[in-house]
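Topology and contacts: notes
Here is how the chains run, residue by residue.
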Protein chains: 2
Amino acid sequence: MSSHPEPSPLSPRATEIVTAARALLEEQGPDSLTMRALAERLGIRAPSLYKHLPDKAAVEVALIERGLAELGQALHTAVTTPAGPSADSQEASTCPSPTDPSSATPVTAALEPIAAAPDFPAQTLTADVPTDEGPPSSPIETLLSAYRHHALANPALYRLATSGPLPRKRLAPGLEEWAGSPFFLAVGEPHLAQALWSFAHGMVILELDGRYPEGSDLDRTWAEGARAFSPGRP
Amino acid sequence: MSSHPEPSPLSPRATEIVTAARALLEEQGPDSLTMRALAERLGIRAPSLYKHLPDKAAVEVALIERGLAELGQALHTAVTTPAGPSADSQEASTCPSPTDPSSATPVTAALEPIAAAPDFPAQTLTADVPTDEGPPSSPIETLLSAYRHHALANPALYRLATSGPLPRKRLAPGLEEWAGSPFFLAVGEPHLAQALWSFAHGMVILELDGRYPEGSDLDRTWAEGARAFSPGRP
DNA sequence: CCTCCTGGGCTAACGTTGTTAGCCAGACTC
DNA sequence: GAGTCTGGCTAACAACGTTAGCCCAGGAGG
């Protein structure tokens, strides 16, 4: 198994840099991901980074690739696993990615909305731990739950990987398609799959951006959406 | 009617500045919206802008308010209008917003994806003019069509207004709710409305970011989504 | 052992960005 | 006429991404 499309190859040192960048990103927010701060975290000076990576965009592309790969991984196992109701198990079992042993970052940092991402004022992100309950759930519900959990567990990386214009040319080919394919596996029809993916992304990104009114019951909104996309609905 | 929640009050000159900012944004893309470029467009120097607006964020907040107000306007008329199949008519009839006469910008700039927004590599945004055809459409289809058309007609403003963390504190209160309320009017149930809004946003933002695979038939994806959210589906 | 080369660090510096401080001309008020 | 805003201006700062150029360690080849 593993993440099918291979990520762009990086020197060992470059990989270290990207790992540090990831930690910095998730700990301090995207605005704090500067070349100087990144270098300092590694005990070197900013210009030295350019000996290993051509520019900042390359760091971001590498991060995007990691983000897509991990998201894809989470979704694939969610869709393959024989419908486990608890969404947490998947992450823990697959995230120590086999392709990249050096990424020893503690990604599996549980589900509490990351402590502090200072750039992003955290707004409504106070009580939004999804409630896992109800019936053992259909494939679609399982997939959506995995999607939501994964995104909320890695908010900054998710945002980086899925928002804003994509530098497709610099990205490992096929990665996006692969990451999205579980939606097809779950619903069987490509256009419906695309629609479901769009729904999931819209939900997650609006939740991350604190865009829903204060007291919204997002669990119910997700459920309502899942129901809409389910084949024979009650 | 008009946009119910009043936008934050601005001095006449500040309004001019925001109008120029909007033009700059839509013509040259978000990266080109710098204080210096904005000032130059007005024939003054950057520091002078600070006599009228506290900082760049204030410019952006004002733009966001305009974006949300216009989006809300478009959606409201789409939902109130007795189901006109042609989505174009709405914009033209309501956009010269009655609240703000000085915004004489040609917003109604038709539907061709704006010529050049250089910062955003336009990618797949080549052949994505939505095809208006098929049966006269349900309220939900009308709403979704209006949403998509409006967003694609004002891509940069839409992105600014709906992506990234919201500075809620600085935003006119109630604006977001008002802009989103047509979704409730269309489906009748709040959670389903939120889900439908999320779907629409996800579709649009992914389309704007050129995130769908090359040859995607987005019309069908929209249709599939609309069908999923429709009450009694075939 | 000496030489050479190269990988990977460094400092200095440039051009942009948002933003502040402080100056000054005109217009309006009393 | 004196005074006070209003709204321009220049100069400057800090932080950003990035480039140029220096230099030291260590391995390779003779």
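Because the structure is predicted, anything quoted here is derived from the model rather than measured.

Some words on the overall build of chain A
Within chain A, the regular secondary structure consists of 10 helices and 0 strands. Residue burial in chain A is summarised as follows: out of 234 residues, 51% are buried. Long-range contacts, defined as pairs at least 24 residues apart, comprise 74% of the intrachain contacts of chain A with a sequence gap of at least 6. When the accessible area of chain A is evaluated, it comes to approximately 10500 Å², of which 60% is carbon and sulfur surface.

A short note on helix H1 (residues 12-28) of chain A
All names here are of chain A. Along its 17 residues, H1 runs 24 Å from first to last C-alpha, staying within 8% of the 24 Å computed at 1.5 Å per residue. For H1, a buried count of 12 out of 17 residues is recorded, marking the element as mostly surrounded by other parts of the structure. Every buried residue belonging to H1 is among Ala14, Thr15, Ile17, Val18, Thr19, Ala20, Ala21, Arg22, Ala23, Leu24, Leu25 and Glu26, and all of these are buried. For H1, the elements touching its buried residues are helix H2 (35-41), helix H3 (46-49), helix H4 (56-80) and helix H7 (155-162).

Here's the deal with the nonpolar core
With 62 residues, the main nonpolar core has Phe183 and Phe199 of chain A together with Phe183 and Phe199 of chain B as its most contacted residues. Among all residues touching Phe199 of chain A, those that are not within four sequence positions of it are Leu144, Thr221, Trp222, Gly225, Ala226 and Phe229 of chain A together with Ala195, Ser198, Phe199 and Phe229 of chain B.

Quick notes on the protein's contact with DNA strand D
Neighbouring DNA strand D are 16 residues, the closest being Met35 and Arg36 of chain A together with Arg13, Arg45 and His52 of chain B. At the protein interface, 49% of the atoms of DNA strand D within 4 Å belong to sugar or phosphate. Tyr50 of chain A is positioned such that a nitrogen or oxygen atom in its side chain is 2.9 Å from a phosphate oxygen of DNA strand D. Interatomic distance of 2.3 Å between a side-chain N/O atom of Arg13 of chain B and a phosphate oxygen of DNA strand D. Grouping the amino acids of the surface near DNA strand D by side-chain chemistry returns 6 nonpolar, 4 polar and 6 charged.

What counts as what
- Each residue is numbered by its place in its chain's sequence as written, counting from 1.
- Each chain takes a letter, starting from A, and each ligand takes a number, starting from 1, following the order in which they are written.
- Given that this is a predicted model, residues contribute local features only at a pLDDT of at least 70 and side-chain atom pairs are listed and counted only at 80 or more, while totals for whole chains, interfaces and linings are drawn from all residues.
- To get the side-chain values, take all heavy atoms of the structure and skip hydrogens and water.
- Strands here mean DSSP runs of E at least two residues long; helices mean DSSP runs of H or I at least four residues long; both are numbered from the N terminus.
- Classification of residues uses two cut-offs on accessible area relative to the type maximum, computed with a 1.4 Å probe and protein chains only: under 20% is buried, over 50% is exposed, and between them is partly exposed.
- Only heavy atoms matter for contacts: two residues are in contact if any of them lie within 4.5 Å across the pair.
- Areas reported here follow the Shrake-Rupley algorithm with a probe of radius 1.4 Å; residue values treat only the protein chains shown as occluding.
- Every helix has an expected span of 1.5 Å times one less than the residues it contains.
- For this analysis, a nonpolar core means a set of buried residues of the types Ala, Val, Leu, Ile, Met, Phe, Trp, Tyr and Cys, connected via side-chain atoms within 4.5 Å.
- We call a residue near a given molecule or strand whenever any one of its heavy atoms falls within 4 Å of it.
- Definition of a polar contact: a pair of N or O atoms within 3.5 Å, with one able to donate and the other able to accept a hydrogen when the atoms are protein atoms, and with sequence-neighbouring residues admitted only if both atoms are side-chain atoms.
- Residue classes follow a fixed rule: Ala, Val, Leu, Ile, Met, Phe, Trp, Tyr, Cys and Pro count as nonpolar, while Asp, Glu, Lys and Arg count as charged, and any other residue, Gly among them, counts as polar.

Functional significance is not addressed by these values, which are geometric in nature.
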